[in-house]
Amino acid sequence: MSSRRPRLRPASPGRGARRRAATALALGLVAAVLAGCTGAGDGASVTGTATPSATPRASSTPPAPAPTEDPVTPAPEPAAPATPAFDRGALSVDDPASLWVVSDKLRPLDPVDYAPADLVTVDVSSQNPPVFRAEAGDALLALFAAGEAEGAGPMTVQSAYRSYATQVTVYAGWVQQLGQAQADVQSARPGFSEHQTGLVADISPLPLSCVLQACFGDTSQGRWLAENAWRFGWLLRYPADKTAVTGFTYEPWHFRYVGVPLSTEMHQQGVTTLEEFFGLPAAPTYAG
């Protein structure tokens, strides 16, 4: 046997390269297969790293506007209640017992010898019995008290209620003194006198001066009464500029009680006679 060892043939370099190439190709195919199984089509890489998703396409329908609150409408101010119109028919101008009765030379009392049923004697300074209807008497006390408190000075009642019989005597005296024509502008005939209603006060100042004379209107009491008597329901019945309406000369001392509602309405309207306020005919003379 020969002692020579067999010689090994070195490996061919081309064969190893081909092997490595084949191995690399096989690994690439395996990777591709695995990539298809892991959903690489939805944007994931073979290494598992997610790719950014595509920007969503804008919708063709515009978004609904955000809801807004309804504007708050302030509640309307409640309307002031309408002042009811003065009711000129609330009381009678014909009934002698009414506070609004109108007695003048065309409107005698009915009946002519009417006498009030609620006459009272009022505790007030007076020159003749201070007899009035009850409501008028209370209002006279308030009138005198306010006049003195407000600086006008004290007052007294010169004449108040006169019955039909008393007016017969009073009127006859004026006729005897002045004649009938002049008496008719100074004094009412019986049955036509406001004094018979128990709602009239002839007023004089204290101390006495200008008694039943036009100059009473220039005294502090006369001026105060002309401006303020309406506050207490009294009316200067025969103003200086209304002789053609009332039929009587200016008597700044002669005040007639009509109640506060009517005196206030007449004052606010600037109407000074009952005839004009109630739309009655002027009464400058007697009908017969």
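Residues numbered from 1 in each chain as written. Predicted model: local features only at pLDDT ≥ 70, side-chain atom pairs only at ≥ 80, totals over all residues. Heavy atoms only, no water.

> Explanation requested: the nonpolar core in the structure shown.
Soluble globular proteins tend to bury their nonpolar side chains together. Judged by nonpolar contacts, the single largest core of 36 residues is most densely connected at Phe 132, Leu 140, Leu 143, Ile 203 and Trp 234. Taken together, the elements giving at least two residues each to this core come down to helix 2 (134–149), strand 3 (155–159), strand 4 (200–205), helix 5 (220–228), strand 5 (234–236), strand 6 (254–257), helix 7 (260–269) and helix 8 (274–277). Residue contributions to this core peak at six residues, all from helix 2. One finds Ala 188, Phe 192, Tyr 238 and Phe 248 within the second-largest nonpolar core, a separate group that totals five residues. (Core = buried A, V, L, I, M, F, W, Y, C linked by side-chain atoms within 4.5 Å. Buried < 20%, exposed > 50% of the residue type's maximum accessible area, 1.4 Å probe, protein only. Helix = DSSP H or I, 4+ residues; strand = E, 2+ residues; numbered from the N terminus.)

> Teacher, can you tell me more about the pattern of salt bridges here?
Two side chains with opposite charge may pair up if their charged atoms get near one another. Considering all chains together, one arrives at eight salt bridges under this definition. With a closest N to O distance of 2.9 Å, Asp 184 and Arg 189 form a salt bridge. Overall, Asp 184 belongs to the buried group, its relative accessible area being 10%. The partner of Arg 256 in a salt bridge is Glu 194, and the shortest N-O contact between them spans 2.9 Å. Residue Arg 256 is located in strand 6, and its partner Glu 194 is located in the loop between helix 4 (180–186) and strand 4; the two are separated by 62 residues in the primary sequence. (Salt bridge = Lys/Arg side-chain N within 4 Å of Asp/Glu carboxyl O.)

> Which parts of the structure should I look at to understand helix 3 (residues 164–178)?
Relative to the 21 Å expected for 15 residues at 1.5 Å per residue, helix 3 spans 21 Å between its end C-alpha atoms, a close match to the ideal helical length. Gly 179 occupies a position one or two residues after helix 3 and carries a positive phi of about 90 degrees. (Expected span 1.5 Å × (residues − 1).)

> Teacher, can you tell me more about a nonpolar patch on the surface here?
On the surface, Val 112, Tyr 164 and Val 168 cluster together to form a nonpolar patch covering roughly 220 Å² of accessible area. With respect to the helices and strands, Tyr 164 occurs in helix 3. (Patch = residues over 30% accessible without salt bridge, like charges linked within 9 Å, V, L, I, M, F, W, Y side chains within 5 Å. Areas by Shrake-Rupley, 256 points an atom, 1.4 Å probe, with all protein chains shown as cover.)

> Would you mind showing me how to read helix 2 here?
Side chains three or four residues apart in an α-helix point the same way, a direct result of the helix having 3.6 residues per turn. In a regular helix each residue adds 1.5 Å, so 16 residues correspond to 22 Å; helix 2 covers 23 Å between its end C-alpha atoms and thus fits that length. The complete set of buried residues in helix 2 reads Ala 136, Gly 137, Ala 139, Leu 140, Leu 143, Phe 144, Ala 146 and Gly 147. Residues of helix 2 that are buried make contact with strand 2 (131–133), strand 3, strand 4, helix 5, strand 5 and strand 6. Immediately beyond the C-terminal end of helix 2, within one or two residues, lies Gly 151, with a positive phi of roughly 95 degrees. (Contact = heavy atoms within 4.5 Å.)

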